[in-house]
Amino acid sequence: MVYLGLIALTTLVANGATRLRLVAVAFVGVAAVASLIVSASASTPQVAVTAAAGLASAGILFVAARDYSYGEDPGWRLWLGTFTAAIVTPIAYASFRTITGETATLPLFQDGSGIIAEVSGVWLLSSGVAVMLTARSAVRASLAALLLVTGVQLLTRLVPEQHLAITLAVAWLELVVALAGAFLIINERAVLDG
Amino acid sequence: MIVAAPAFLLALAAIASFGLRKRLAVVAWLSLAALFVAFVLVSVTPTDTTARLFDLDLRATALGRLAGLFVLLISAALLIDVYLGEPAYNFFPTALAVGSVALAVLVVSSPVVIVALVVAGLLFPVGSFTYQVHRNRSVEAAVRHFSFVVLGGCLGLGALALAASLPKDQPANTLVLLVVLLFVAFALMLAAIPFHTHAALLAGEAPAAALALYFGVLVPITFIAFAEVLAGSGLLPAIVQVAKVQDLLLGIGLTSAFGGALLAAGANDLRRLVVYAVISNLGSALVGIATLSGPGIIGGIAIALVTGACATQQLLAAGTLERRAAGGRPNVTHAPLAAGAFIAGGIAMIGAPPLVSFPGHFFVDLIAYSVSGTAGSILVAAAVLLLIAQLRAGVRLFAGSPEGWRIEPRPVAGILGGIIFLSLLVGGITPDAFLQPIAAFADEFLKALRPL
């Protein structure tokens, strides 16, 4: 339960940040909470790979910002993203948990049944979709992309096989997404600066 | 490990060529040498060779070999064109990285890893899409491409992860939701109508070679990945049971086939015409998969691969014609060989016999008619519209007197287009070599459809 609150809070902070460097710092929080959730069902090396990918992605965005002034003010889009996630997550939970026949338990920290990973993953995916659809520049498109990939990281923990390969593939994808996003941010800024 | 060797080799070559990218001649020869060695490795790897990397099963299949060789040849054509005709130093590492990812997609067995690789592959050309950023909207086009690909890819990955984690005997609605998400995800990545706006913007703003890398290599590989993911995800039996899901895929395919052809018929420039023609052909290919039949699957994959070759031929020719026209309307007088290659590519794009593009279109049209008369009629209407679009472009290209025609000084696109056209002709004369590997995959697909 605590992790669910933390993932919602860190997503809100990242989504609400108006400067790219603050977005990058807030994303470190999202990635750290995601790694904590993953740690319940993954080996230490896998958690390390996930955490390192998140940290490196945030670092790439931080460097791409070049200074503390560049960013995009989300305005009302912040609340659209948050409310979308708040509406979609319970619907998705109800859709995918209806016939397991097991009683859902929500412990404070552990996630043995995968519920926290599933709910957090859907939360990040729905937040990411809302941010992506309302993004006006590469700054928020990159944030949305990283939220989406982090959501995928959590959901893929539920796949019963090939954990190591999937962990490596998604971590590598996260880095590619961050690099492509940073490249676009730099070029977009070059256009804006004339 | 020979199964993974070509992909690893190209990945290493991509890293090396990134370091050497400013030395154009060195990086060009290094890239071509890497493609040649990878070609030999893919050719000599026996079909059904397996390997295990980490906890992932790898397998060399007949379709994987066919598509792998196709990717390597198209990539080589693109690198030669860029080196000799349109020098762009950042293209070489991008093309090698795309080639590496494409080869990896063709040997990996896990649907989640396949989609992750496809998404990464689709993001690599972002660097090649943006150029002269102050003079065009290429950055905006690249941002839109980035958004569509990541959105589609992550929705697809999420749907696959949830599908794999659910216990057996789920209610139909749950599976329908996941399959719909998967279809939308691939429609976004394939730029199927109505998710094609990023491709339309790219067509106008990105360099021709980068477009050819996307539509000639990545889009066919994404299509094959879609078929592989469907076969490997365990969702196929659910798709058969719920007719609505099959109808959805059929609907996306028909909309794309007809809408793309309609847009192609109205396109005012050569590159847009090619991009819309690709979207239309991919729609036909999706219809083939949606029929869930042997001929439909064979036809669909055949269309996707041949369309990639035609798109490369036409886009390279269009790029040369535009460069020679220097801002004016492209005309045969600027580059007669490139204009000829463009027309030849158009003939292949519409699926005319005796080229190898014909069997795929024939199979899909035939099976579409057997599924529904309306579906078959829409595909035929799309083919007629594409024919009109290509004829219209040809008439505009060849307008004027032939007296001023002079062979362009460095006819790279024309010669490469001629080679691609001859290959398609040879493939049309001996179609078995091309269709049998696809038929082997169709067998596996049908087994996954109705597991014992």
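About the cut-offs
- Residues numbered from 1 in each chain as written.
- Chains lettered and ligands numbered in written order.
- Predicted model: local features only at pLDDT ≥ 70, side-chain atom pairs only at ≥ 80, totals over all residues.
- Helix = DSSP H or I, 4+ residues; strand = E, 2+ residues; numbered from the N terminus.
- Rg over C-alpha atoms; globule rule 2.2 N^0.38 Å.
- Buried ≥ 20, exposed ≤ 12 C-beta atoms within 10 Å, placed from the backbone.
- Contact = placed C-beta atoms within 7 Å.
- Axes fitted to C-alpha atoms, helices over the stretch in contact; angles between N-to-C directions.
- Parallel < 35°, antiparallel > 145°, perpendicular 65-115°, else oblique.
- Left-handed = near helix turned anticlockwise from the far one by under 90°.
- Expected span 1.5 Å × (residues − 1).
- Core = buried A, V, L, I, M, F, W, Y, C linked by C-beta atoms within 7 Å.
- Nonpolar A, V, L, I, M, F, W, Y, C, P; charged D, E, K, R; others polar.
- pLDDT = per-residue confidence, 0-100.
- Pairing = 2+ DSSP bridges.

**Student:** Tell me about the overall build of chain B, and name the residues and values.
**Tutor:** Looking only at helices and strands, one finds 19 helices and two strands in chain B. A compact globule built from 452 residues should have a C-alpha radius of gyration of about 22 Å, and chain B, at 21 Å, falls within 12% of that. C-alpha atoms of chain B, sized along the principal axes, occupy 70 × 50 × 45 Å. The buried share of chain B, taken over its 452 residues, is 61%. Across chain B, the fraction of contacts at a sequence separation of at least 24, relative to all contacts at a separation of at least 6, is 80%.

**Student:** Report on the packing of helix 2 (residues 24–44) of chain B against helix 3 (residues 62–84) of chain B, specifying residues and quantitative values.
**Tutor:** All names here are of chain B. Running from N to C, helix 2 and helix 3 point in directions that differ by 165°, and their axes come no closer than 10 Å. Taken together, the axis directions place helix 2 and helix 3 in an arrangement best described as roughly antiparallel. As helix 2 runs across helix 3, the sense of the crossing is left-handed. Two secondary-structure elements touch here, helix 2 through Leu24, Ala28, Ser31, Leu32, Leu35, Ala38, Phe39, Val42 and Ser43 and helix 3 through Arg65, Gly68, Leu69, Leu72, Ser75, Ala76, Leu79 and Tyr83.

**Student:** Residues and numbers for unusual backbone geometry, please.
**Tutor:** Residues and elements named next belong to chain B. Here the residue pair Ile193 and Pro194 is connected by a cis peptide bond, since its omega of 10° sits within 30 degrees of zero. Mapping Pro194 onto the fold places it in the loop between helix 8 (172–190) and helix 9 (197–205). Omega for the bond connecting Pro353 with Pro354 falls within 30 degrees of zero, at 10°, which places this linkage in the cis form. The residue Asp48 is not glycine, and still its phi comes out positive at about 75°. Since 10 C-beta atoms lie within 10 Å of it, Asp48 is described here as exposed. Even without being glycine, Phe54 reaches a positive phi, approximately 55°.

**Student:** How would you sum up helix 18 (residues 412–429) of chain B? Please name residues and give values.
**Tutor:** All names here are of chain B. Given a rise of 1.5 Å per residue, 18 residues ought to cover 26 Å, and the 26 Å separating the end C-alpha atoms of helix 18 matches this to within 8%. Along helix 18, the positions that sit buried rather than exposed are Val412, Ala413, Gly414, Leu416, Gly417, Ile420, Phe421, Leu424 and Gly427. Lining the buried residues of helix 18 we find helix 3, helix 14 (294–325), helix 15 (336–349), helix 16 (357–371) and helix 19 (432–449).

**Student:** Now, about helix 6 (residues 138–155) of chain A: what can you tell me, with residues and values included?
**Tutor:** The end-to-end C-alpha separation of helix 6 of chain A is 25 Å, in line with the 26 Å expected for 18 residues at 1.5 Å each. The element helix 6 of chain A is extensively covered by neighbouring structure, given that 18 of its 18 residues are classed as buried.

**Student:** Report on the environment of B:Asn173, specifying residues and quantitative values.
**Tutor:** With respect to the secondary-structure elements, B:Asn173 resides in helix 8. Considering only alpha carbons, one finds B:Asn173 and B:Val242, 69 residues apart in sequence, at a separation of 9.3 Å.

**Student:** Outline the nonpolar core, listing residues and values.
**Tutor:** If you look at the biggest cluster of nonpolar residues, it comprises 266 residues, and the most contacted ones within it are A:Phe27, A:Leu61, B:Val105, B:Ala116, B:Leu117, B:Leu123 and B:Ala264. Of all the elements, helix 10 (residues 208–232) of chain B adds the most residues to this core, at 20 residues. Non-local contacts of B:Val105, meaning those with residues more than four positions away in its chain, are made with B:Ile114, B:Leu117, B:Val118, B:Ile221 and B:Ala225.

**Student:** Summarise the interface of chain B and chain A; cite the residues concerned and give the values.
**Tutor:** Chain B puts 36 residues into the contact, and the matching count from chain A is 43 residues. At the level of elements, helix 5 (111–123), helix 6 (126–129), helix 7 (138–165) and helix 8 of chain B are the ones that each hand at least two residues to the side of chain B that touches chain A. With 14 residues, helix 7 of chain B is the single largest residue contributor to the side of chain B that touches chain A. Here the side of chain B that touches chain A is built from residues that sort into 26 nonpolar, nine polar and one charged.

**Student:** Lay out the confidence of the model for chain B with the relevant residues and their values.
**Tutor:** Of all residues in chain B, 99% have pLDDT values of 70 or greater, and the mean over the chain is 92. Scored as a complex, the prediction yields pTM 0.95 and ipTM 0.94.

**Student:** Could you give me a rundown of the pairing of strand 2 (residues 56–59) of chain B, with the residues and numbers involved?
**Tutor:** In the case of a regular strand, side chains alternate between the two sheet surfaces. All names here are of chain B. The side-chain alternation of strand 2 yields one buried face, formed by Leu56 and Leu58, and one unburied face, formed by Asp57 and Arg59. Pairing between strand 1 (residues 50–53) and strand 2: four bridges, direction antiparallel. Bridge pairing in strand 2 links Ala51 to Leu58. Joining the antiparallel neighbours strand 1 and strand 2 is a turn of two residues, in which Phe54 adopts a positive phi near 55°.

**Student:** An account of the packing of helix 7 (residues 163–193) of chain A against helix 5 of chain B is requested, with residue identities and associated values reported.
**Tutor:** Interhelical geometry of helix 7 of chain A versus helix 5 of chain B gives an angle of 15° and a closest axis separation of 9 Å. By the angle between their directions, the pair helix 7 of chain A and helix 5 of chain B is classed as roughly parallel. The way helix 7 of chain A lies across helix 5 of chain B gives a crossing that is left-handed. Touching A:Ala165, A:Ile166, A:Ala169, A:Val170, A:Trp172, A:Leu173, A:Val176, A:Val177 and A:Ala180 of helix 7 of chain A are B:Val112, B:Val113, B:Ala116, B:Leu117, B:Val119, B:Ala120 and B:Leu123, all from helix 5 of chain B. The residue makeup of the contact of helix 7 of chain A with helix 5 of chain B, split by class, is 16 nonpolar, no polar and no charged.

**Student:** Explain the environment of B:His334 to me, and be specific about the residues and the numbers.
**Tutor:** Residues and elements named next belong to chain B. By the element assignment, His334 lies in the loop between helix 14 and helix 15. His334 sits 71 residues away from Trp405 along the chain, and the two C-alpha atoms are 7.5 Å apart. Among all residues touching His334, those that are not within four sequence positions of it are Leu321, Arg324 and Ala325.

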